[in-house]
Amino acid sequence: MSKQVWLNGELIPTEKATVSVFDHGLLYGDGVFEGIRAYNGQIFKLDSHLKRLYASAAAIRLEIPYEVDKLRQAVRDTLKANDRTDAYIRLCVTRGFGSLGLNPFLCKRATVFIIADDIKMFPSELYELGMEVIIAKTIRNPPASLSPAIKSMNYLNNILAKIEAIDAGVLEAIMLNIDGNVTEGSSENLFIVRNNTHGNPELTTPPVSAGVLEGITLSTVAQLATDAGIPISRNNLKPADLFNANEIFLTGTAAEIIPVTKIDAKPIGSGSPGPITQQLAKAYHHLVTTNPTED
Ligand SMILES: Cc1ncc(COP(=O)(O)O)c(C=O)c1O
């Protein structure tokens, strides 16, 4: 069976799933998207992803030409049409076909497509051994320039940081904001673990105001930590906080939970994935593979 893509209301073979060169998604990166995962036939947090998609679209005044129930069913249909129980699903809404000028309101109708495929963000062994990253020189877009709440199809800011990482011989970069505070990876949120004054581990992740996407995996991990009695706070972090952390990990739908064990060639904590990272990664894996709901 050939792979099927859902495009503007229809499931069609991948090779026929094309969009116009006049689509503003292509011409200007004018669009929004979600990356979603299905595990064992369940689409994890589908409703949260749809909610964020419609919020991103509203923030750029892009009308999604389908009711949410229709798109929810379309995501399920795409998974089924590709005969998959496990997949990475990419749901994109572009501004659509328009003229060569920037005016988004000359585009008559948004283009919507859904792909169900695989994604491998990082080699499997790095999940066991930990990953080395750098701190990028490329500064994360300030929220006043582009709200990080908008999951837009324009990732050049993040791609420039990713290129720095690859040039440095590693696979990921942590981005700072204009105030020198830590934001996130090129497509993952960041958590640090450090011991509080009582010697107990505590999690910290930067606040949205630092310029981070409010990750769905971040929220899930925060809930898992709370359930496990691990306190969590949203506070600004400086690079020094990273170097002094006991553990660091990144979270994202595609990346899941990956330990960071070296930054700019300096080991973090013991230099190996720490116990809290391992505990949360195990709890996350258990949740996504057994969670019967899609909320
Ligand atoms: C910039 C950025 N931060 C964080 C994340 C993680 O978000 P989520 O956990 O919702 O996948 C993503 C995901 O694509 C991202 O692009």
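Residues numbered from 1 in each chain as written. Predicted model: local features only at pLDDT ≥ 70, side-chain atom pairs only at ≥ 80, totals over all residues.

### Topic: helix 5 (residues 156-167)
Okay, so step 1: Look at helix 5: 16 Å from first C-alpha to last across 12 residues, which is about the 16 Å you get at 1.5 Å a residue.
Okay, so step 2: Of all the positions in helix 5, only N158, A161 and A165 are classed as buried. For helix 5, the buried positions fall inside an angular range of 60 degrees around the axis, keeping them on one side. Projecting away from the buried face of helix 5 at angles above 90 degrees are the exposed residues L156, I166 and D167.
Okay, so step 3: In this fold, the buried residues of helix 5 make contact with strand 7 (131-135) and strand 8 (172-176).
Okay, so step 4: G169 lies just past helix 5 and shows a positive phi near 85 degrees. (Helix = DSSP H or I, 4+ residues; strand = E, 2+ residues; numbered from the N terminus. Expected span 1.5 Å × (residues − 1). Buried ≥ 20, exposed ≤ 12 C-beta atoms within 10 Å, placed from the backbone. Arc of directions from axis to C-beta. Contact = placed C-beta atoms within 7 Å.)

### What about the packing of helix 6 (residues 216-227) against helix 8 (residues 275-290)?
Okay, so step 1: The geometry of helix 6 relative to helix 8 is characterised by a closest axis approach of 10 Å and an angle of 110 degrees between their N-to-C directions. Comparing their axes, helix 8 and helix 6 come out roughly perpendicular. In this structure, helix 6 meets helix 8 at a crossing whose hand is right-handed. Residue-level contacts link T220, V221, L224 and A225 of helix 6 to L280, A283, Y284 and L287 of helix 8.
Okay, so step 2: Classifying every residue of the contact of helix 6 with helix 8 gives seven nonpolar, one polar and no charged. (Axes fitted to C-alpha atoms, helices over the stretch in contact; angles between N-to-C directions. Parallel < 35°, antiparallel > 145°, perpendicular 65-115°, else oblique. Left-handed = near helix turned anticlockwise from the far one by under 90°. Nonpolar A, V, L, I, M, F, W, Y, C, P; charged D, E, K, R; others polar.)

### What to know about the site of the ligand
Okay, so step 1: Neighbouring residues of the ligand: 14 residues in total, closest G215, I216, T217, G252 and T253.
Okay, so step 2: Among the elements of the structure, helix 6 and strand 13 (247-252) are those that each provide at least two residues to the shell around the ligand.
Okay, so step 3: Sort the elements by how many residues they give to the shell around the ligand and helix 6 lands first, with three residues. (Near = placed C-beta within 6 Å.)

### Considering the sheet that holds strand 1 (residues 4-7)
Okay, so step 1: With antiparallel pairing, six strands are arranged side by side in an open sheet as 2-1-6-5-3-4. Edge positions in the open sheet fall to strand 2 (10-13) and strand 4 (42-43), since each of these has one partner strand only.
Okay, so step 2: Direction of pairing for strand 1 relative to strand 6 (residues 111-117): antiparallel, over a ladder of two bridges. Among the inter-strand pairings, W6 is bridged to a residue of strand 6, identified as I114.
Okay, so step 3: Strands strand 3 (31-39), strand 4 and strand 5 (87-94) of the sheet are contacted by helix 2 (residues 46-59), whose axis makes an angle of about 175 degrees with strand 3. (Pairing = 2+ DSSP bridges.)

### Looking at the packing of helix 2 against helix 3 (residues 68-81)
Each pair of packed helices can be described by the angle between their axes along with the distance between the axes.
Okay, so step 1: Relative to each other, helix 2 and helix 3 sit at 130 degrees, their axes nearing to 11 Å. One way to sum up the angle between helix 2 and helix 3 is to call them oblique. Between helix 2 and helix 3 lies a crossing of right-handed hand. Here L46, L50 and Y54 of helix 2 lie close against helix 3, whose contacting residues are V68, L71, R72 and V75.
Okay, so step 2: Here the contact of helix 2 with helix 3 is composed, by residue class, of six nonpolar, no polar and one charged.

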